[in-house]
Amino acid sequence: MAEIAVMGLGTVGTGVVKVISENAGVITRKLGEPLRVKAILVRRFRDGPYRHLCTDHFEEIQNDPAIRVVIETIGGVDAAYDYTKRCLEAGKHVVTANKQLIAERGFELLELAREKNVKYLFEASVGGGIPILHPLRECLSANRIDEIYGILNGTTNYILTRMVRTGAFFSDALREAQRRGYAEADPTADVEGIDAGRKICVLGDLAFGHQIDPEAVPMEGISKLSLRDVKIANRAGYRIKLLGRTLRLGPENGFEAGSRTAYVAPHLIPETMPIANVEDVFNAIVIRGNAVGDVMFYGRGAGEMPTASACVADAMECLSTRESVLSWSPDTSGFENPLKLRCRHYFRIEGSLTDAAMAFGQVEVLSEDGETAFLTEPVTGLDARKRSANLNILSCLRVLS
Ligand code: HSE
């Protein structure tokens, strides 16, 4: 019998306990022994089926030698960091879905895990139930990774889909995402691109082997996105999606060797690209390797059972003897401003085609309906800002190509 503890009994914690109980047969067969939740750390006791497992004394978990793995589903940094550290110091494996903690303190906690000869795994922190970190570091390990981009936030993709498909209001779609257990405790992190930003940092850390400081990553969400832009883009054969993106940069594109960048922003995506049609709570992540080319991972990016699926699999991995090589360097130098990247830009301006042409030269007009929507030729973000300084800008978005 392998005994574990769960810290936190919110959406993900509840899912973990359910997956372990509902899938007990397959888990036992694959693990070679039954997996049992011995204790659940809660802040407040609530009635329910797991009441008898709950404790509000962290030390009961920390000091119990029978508990070999602890699944942290508290979220945030403060208590989650403190308890994770103490569990690792006590020689327990730790599993988490906590992207904020990994993005901000991942290196330090991985080092501690290495010192203590235990595992610290976080597959569920990116893409919910989609296997992405294991494939990145194992199946694709023969590649130099050049770029990763993806729809990394289920809540905002769900909101955008509802607004476009059914004409739902932003606030109603957000409430529904919260009811379904997709959104963070404070949904600002979802809506403003911060959650996707933490996830792209984790992907970049692993892909390029250097810490990406979340503070250095520009993060823009969907709160300023206008339905008018969505409609214009749709008519012109594009979909608008919130993407996180991280790229390896080098002399071939005018940067120092070994540099990299990352950002989060809404993009126009040609409808012919598979990722343009990823809807609802689904996430999709494209990894570009120099040998394999583009590989896309697709599945449910949020929600109780998908996220729990990844957490429980990590707990099972902790209990196996398989080695996991998982870390990066804390050196954050070599991070470049993503505004130096070149791409086409979409603008909607209060002004005429002449105004657009004076600023950008040749442009592709998408709409001239009292206002002008157009696509530029590829320019850097810095250049786009400079050239558009005198325009009356209603919207500006990047185009993925
Ligand atoms: N709030 C997150 C999302 C949960 O909507 O994607 C999964 O990380």
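Provided above is the structure to which this section pertains.
Before going into details, it helps to say that this report is about the structure given with it.

Criteria and cut-off values
- Residues numbered from 1 in each chain as written.
- Predicted model: local features only at pLDDT ≥ 70, side-chain atom pairs only at ≥ 80, totals over all residues.
- Heavy atoms only, no water.
- Helix = DSSP H or I, 4+ residues; strand = E, 2+ residues; numbered from the N terminus.
- Expected span 1.5 Å × (residues − 1).
- Contact = heavy atoms within 4.5 Å.
- Buried < 20%, exposed > 50% of the residue type's maximum accessible area, 1.4 Å probe, protein only.
- Pairing = 2+ DSSP bridges.
- Near = heavy atom within 4 Å.
- Polar contact = N/O pair within 3.5 Å; in protein donor to acceptor, adjacent residues only side chain to side chain.
- Areas by Shrake-Rupley, 256 points an atom, 1.4 Å probe, with all protein chains shown as cover.

Take helix α4 (residues 78-89) next. For α4, spanning twelve residues, the distance from its first C-alpha to its last is 17 Å, which sits close to the expected 16 Å at 1.5 Å a residue. Tucked inside the fold, the buried residues of α4 contact β1 (2-7), α3 (58-62), β4 (67-72), β5 (93-96), α5 (99-116) and β6 (120-121). Note on α4: the residue one or two positions beyond its end, glycine 91, has a positive phi of about 85 degrees.

Most of strand β9 (residues 259-270) sits out of view: eleven of its twelve residues are buried. Of the pairings in the sheet, the one linking strand β8 (residues 238-249) to β9 comprises twelve bridges and is antiparallel in character. For lysine 241, the partnering residue across the bridge sits in β9 and is histidine 267.

The environment of the ligand is formed by Lys99, Asn153, Gly154, Thr155, Tyr182, Ala183, Glu184, Asp190, Asp195, Lys199, Gly301 and Ala302. Measuring from an oxygen atom of the ligand, one finds a side-chain N or O atom of asparagine 153 at 3.5 Å. Compared with its free state, where it exposes 260 Å², the ligand has 94% of that area covered by protein. Listing elements by their share of the shell around the ligand, those giving two or more residues are α7 (154-166) and α10 (194-208).

A few words now on the sheet that holds strand β3 (residues 54-55). One open sheet accounts for six strands, arranged β3-β2-β1-β4-β5-β6; its pairing is parallel. Sheet topology places β3 and β6 at the edges, where each strand pairs with a single neighbour. Bridging between strand β2 (residues 35-41) and β3 involves two bridges; their strand directions are parallel. Looking across to β3, one finds that leucine 41 is bridged to threonine 55.

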